Amino acid sequence: MQKYSRVFYLLGFLSMPLFILLLVFGYIKINEMVSQEIHWGHNKSFAFGQASREGKLILLAVTKSRCEMLQGLECGEGKPDLGTYVLLNYTPREQEFQTLILDDRFASLKTEPLPQYFLLNASGEIRHMSKQLPSVEEMQKLPKKE
């Protein structure tokens, strides 16, 4: 038995560097997964479903580039939190944007520069539109149904 215990100690000692390498590899892999692009916003069906369930407005932000990790002034950095609204973010490269510009309600997208913001209720009616991100006070004053 004593002969085998030395073998086990030796195997344990030799496996420590392998274990440390696995820990480092795991740490690096988790950091890579976390640092991948995070899109701010939801798809259309999710946003409308959540807005109707929670009684929130939908903030449709049509911006030049995708809002990544809540960065950029046109993406709402330092502006209202997501507790007030559900965000939909579209860019000109997306198929949903092409559908929007065919809708007469969003005619300003064809002629005016981006970004543009629309507050919609859960049934899709435009409650407010602006070229700047609306404030929390503006969003709370708007009726969610009509």
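Residues numbered from 1 in each chain as written. Predicted model: local features only at pLDDT ≥ 70, side-chain atom pairs only at ≥ 80, totals over all residues. Heavy atoms only, no water.

A.B. asks: Please clarify how unusual backbone geometry should be interpreted in this entry.
C.D. replies: Only a minority of non-glycine residues have a phi that is not negative, and only a minority of peptide bonds are not trans. The step from Leu114 to Pro115 runs through a cis peptide bond, and the omega angle for that step is 5°. Note on placement: Pro115 falls in the loop between α4 (108-111) and β3 (116-120). (Helix = DSSP H or I, 4+ residues; strand = E, 2+ residues; numbered from the N terminus.)

A.B. asks: Before we go on, may I ask you to explain the pairing of strand β1 (residues 57-62) in this structure?
C.D. replies: As a general feature of sheets, a regular strand has side chains that alternate between the two faces. Judged by how many residues are buried, β1 sits mostly within the fold: six of six residues are covered. Alternating residues of β1 divide into Leu57, Leu59 and Ala61 and Ile58, Leu60 and Val62, and every residue in both groups is buried. By the bridge criterion, six bridges tie β1 to strand β2 (residues 85-90) in an arrangement that is parallel. The residue of β2 that forms the bridge with Leu57 is Tyr85. Bridge count between β1 and β3: five bridges; the pairing is antiparallel. (Buried < 20%, exposed > 50% of the residue type's maximum accessible area, 1.4 Å probe, protein only. Pairing = 2+ DSSP bridges.)

A.B. asks: Sorry, what's going on with the packing of aromatic side chains here?
C.D. replies: Aromatic ring pairs are described here by two measures, namely the spacing of the ring centres and the angle between the planes. Counting across every chain of the model gives one aromatic pair. Judged by centre distance (4.9 Å) and plane angle (85°), the rings of Phe106 and Phe118 are edge-to-face. On the criterion of sequence distance, the pair formed by Phe106 in the loop between α3 (95-102) and α4 and Phe118 in strand β3 is long-range, its members being twelve residues apart. (Phe/Tyr/Trp six-rings, centres within 6.5 Å; stacked < 30°, edge-to-face > 60°.)

A.B. asks: Help me understand α3 in this model?
C.D. replies: Working note: α-helix, 3.6 residues per turn, so residues spaced by three or four point in the same direction. Looking only at α3, the buried set comprises Phe97, Leu100 and Ile101. For α3, the angular spread of buried residues about the axis comes to 95°, placing them on one side. The outward face of α3, more than 90 degrees from its buried face, is lined by the exposed residues Gln95 and Leu102. Those residues of α3 that are buried lie in contact with β1, β2 and α4. (Arc of directions from axis to C-beta. Contact = heavy atoms within 4.5 Å.)

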